[in-house]
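# An overview of the molecular structure
Residues per chain are reported as follows:
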Amino acid sequence: MPDSDDARTARSATGGPPDRKRTGAGRPPDGLHADPDDRLGGGRAVSADPPRTSRAGSDGPGGAAAGSPGGLPPGATSAGDPADLVRRVGYLRTLALAGLVGVPVSLAAFGFLALLHAAEHRIWRDLPQALTGSDTPPWWWPLPLLALAGLGVGAVVRWAPGHGGHVPVDGMGGPPPSGAELPWVLVAALVSLPLGAVLGPEAPLIAGGGGLALLIAHLAGAEPGSRKSMIVAGSGAAAAVAAIFGSPVVAAVLLIEMVQLSGAALAIVVVPCLLAAGIGAIVFTGLGVWSGLPIGSLTLPIPPTDFRPDFPDLLWAVPLAVLTAAGIRVVRLIARKVVPWVAARPLGGTFAAALGVGACAAAYALVTGRSPAEAALSGQQLLAALAADPAAWPELPLLALLIFKSAGYALSLAALRGGPIFPAVSLGGVFGVLAGPLPGLGAIPAMAAGMAAASVAIMSLPVSAVVLVVLLMGPLGFRTTPIVLIAVVVAYVTEQILERGLSPRRDLQP
């Protein structure tokens, strides 16, 4: 990808300190920062970058600027108080506009997800059945599909405005796409995901929600580049997150952890996003006599059980979390090694990497005799199958799945277009089921630990990882919470140490 796009992505990153090589999946869209100097009227163009008020080298692990709460300059006057913005007419207008974008963004997100689901079902079930008479695709099925995906995405990356969005290994954040870039972000995702890319829909949906909201803001008179347009774009991204995870509460937790602000400054930024996500959720919850549009649940179909955590479950969560975090890091390192090679030859490199993803899925099918779809795609259906009957999965298919899907995931992160979260969660679930027979352990606590560790390793957002996995565990979410929390903390610390090294300092000063 050209340097200009890399620079733009780097400028938008707020999930870590400026010198951090990995930008992380938890980066907020540009503009999700309170700027007390901006009157939010949309008439003054401002930089999308947050004000840096800390002294050099004082950023903490989360990348938030040190200094007064909310990142305000020390000694800021009451005129610069973020809470003062709430009383301004400009902010109230921005809040109203943010609420209005929730419904169209949620409808668009629903349509996008429905289209992906229908295309995936048609390509991986209906077509093989029509051609071969079997519901299971033949072993070679992923090869032509991923070759086609590589050509399509490579062409978008090479010639389309915006290059089809950011590279997935860089996370989910980035500036909202412009009107010219937005269609190609969606095209690249529609070419990648149903054809077998080991990626999820979250990143293109967030980009699409932010881009659509940005278009609405501009139509409503907000000047391009103004803080008003950026906040509305962030609200659209929030509505899209709520559609993906089926809950505006999950969107709220993600945003609060991503924004890296506190107090009144946090409220200024998050309140419009909460409003957009809440109003947009009406599309799915229904209103009055209208029952709303059907949306899939993330809750895994775990059979009813009287599971309660035991002491060995808590002990095993520690090594499982360390190994899972290390495994996700290896996947990211491989992806980062491949990225420059693909960027130097967008069309040929993307085609070769996508064909490699197909080869991984085909090799898995040849080794195990199972469907190649299990080693391709986002892994959401795979995770449901694992949770429904973990005992039906022998060790060899699980081990092969862990190897081949991880390899396909790394290549997909480097070359195709989509989100990084769901494949990581599914790999954590696979590792958990594989580790389930360990003495004193079981499939349920092992899956919870594996998914929790993989989630925080790829997102670097501990609270969001906890909420996501507890939601996935459904009725068992409360009982598995101790395991999830231990796994998240251990994996998060492991990931940070592996990323930056262990510091010999003993004090707690930033």
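Residues numbered from 1 in each chain as written. Predicted model: local features only at pLDDT ≥ 70, side-chain atom pairs only at ≥ 80, totals over all residues. Heavy atoms only, no water.

## Looking at the confidence of the model for the protein chain
- Scored by pLDDT, the protein chain has a mean of 83; 81% of the residues are at 70 or more.
- Every residue in residues 1-24 is under pLDDT 50, and counting partners more than four places away or in other chains gives 59 contacts.
- Confidence over residues 41-79 falls short of pLDDT 50; this stretch has 67 contacts with residues more than four positions distant or in other chains. (pLDDT = per-residue confidence, 0-100. Contact = heavy atoms within 4.5 Å.)

## Digging into the nonpolar core
- Within the largest apolar cluster, 112 residues are counted, with the highest numbers of intra-cluster contacts made by Phe245 and Met451.
- Among the elements that take part in this core, helix α14 (residues 443-459) stands out by supplying 13 residues, more than any other.
- Apart from residues no more than four positions distant in its own chain, Met451 is found in contact with Leu300, Leu383, Val425, Gly428, Gly429, Val469, Leu472 and Met473. (Core = buried A, V, L, I, M, F, W, Y, C linked by side-chain atoms within 4.5 Å. Buried < 20%, exposed > 50% of the residue type's maximum accessible area, 1.4 Å probe, protein only. Helix = DSSP H or I, 4+ residues; strand = E, 2+ residues; numbered from the N terminus.)

## Observations regarding the packing of helix α9 (residues 311-344) against helix α12 (residues 395-415)
- Between α9 and α12, the shortest axis-to-axis distance is 8 Å and the interhelical angle comes to 40°. Comparing their axes, α12 and α9 come out oblique. In this structure, α9 crosses over α12, and the sense of that crossing is right-handed. Along its contact with α9, which presents Val331, Ile334, Ala335, Val338, Val339 and Val342, the element α12 presents Ser406, Tyr409, Ala410, Leu411, Leu413, Ala414 and Ala415.
- Grouping the constituent residues of the contact of α9 with α12 by class yields twelve nonpolar, one polar and no charged. (Axes fitted to C-alpha atoms, helices over the stretch in contact; angles between N-to-C directions. Parallel < 35°, antiparallel > 145°, perpendicular 65-115°, else oblique. Left-handed = near helix turned anticlockwise from the far one by under 90°. Nonpolar A, V, L, I, M, F, W, Y, C, P; charged D, E, K, R; others polar.)

## Considerations on the packing of aromatic side chains
- Throughout the structure, instances matching the rule amount to two aromatic pairs.
- When the centroid spacing of 5.6 Å and the interplanar angle of 50° are considered together, the rings of Trp140 and Trp141 count as tilted.
- Residue Trp140 is classed as partly exposed on the basis of its relative accessible area, which comes to 38%.
- Between the NZ or CZ atom of Arg370 and the centre of the ring of Trp393, over which it lies, the distance is 4.1 Å. (Phe/Tyr/Trp six-rings, centres within 6.5 Å; stacked < 30°, edge-to-face > 60°. Lys NZ or Arg CZ within 6 Å of the ring centre and 35° of its normal.)

## Overview of the environment of Ser412
- Mapping Ser412 onto the fold places it in helix α12.
- Ser412 gets classed as buried once you look at its relative accessible area, which sits at 0%.
- Separated by 59 residues in sequence, Ser412 and Ala353 have C-alpha atoms that sit 7.3 Å apart.
- Other than its neighbours up to four places away in sequence, Ser412 contacts Pro168, Ala197, Val198, Leu199 and Val357.
- A polar atom in the side chain of Ser412 sits 3.1 Å from the backbone nitrogen of Val198.
- Within the structure, Ser412 has its side chain in polar contact with the backbone oxygen of Gly408 (distance 2.8 Å). (Polar contact = N/O pair within 3.5 Å; in protein donor to acceptor, adjacent residues only side chain to side chain.)

## What to know about the pattern of salt bridges
- Within the structure shown, the criterion is met by four salt bridges.
- Of the charged contacts in the structure, one is a salt bridge between Glu495 and Arg332, with a shortest N-O distance of 3.5 Å. With Glu495 in helix α16 (residues 481-500) and Arg332 in helix α9, this residue pair connects regions lying 163 residues apart in the sequence. Per residue, the accessibility class of Glu495 equals that of Arg332, and both read buried. (Salt bridge = Lys/Arg side-chain N within 4 Å of Asp/Glu carboxyl O.)

## Overview of α12
- A rise of 1.5 Å per residue sets the reference length of α12, with its 21 residues, at 30 Å; its end C-alpha atoms lie 30 Å apart and thus fit the reference within 8%.
- Counting buried positions along α12 yields 15 of 21 residues, so the element is predominantly enclosed. (Expected span 1.5 Å × (residues − 1).)

## Some words on the side chain of Thr494
- Within the secondary structure layout, Thr494 lies in helix α16.
- In contact with Thr494, not counting residues within four places along its chain, are Val322 and Ala325.

## Remarks on helix α7 (residues 248-259)
- Here α7 is twelve residues long and its end C-alpha atoms lie 16 Å apart, about the 16 Å a rise of 1.5 Å per residue gives.
- In terms of burial, α7 is a largely internal element, nine of the twelve residues being buried.
- Once α7 finishes, Gln260 follows within two positions and takes phi at roughly 65°, a positive value.

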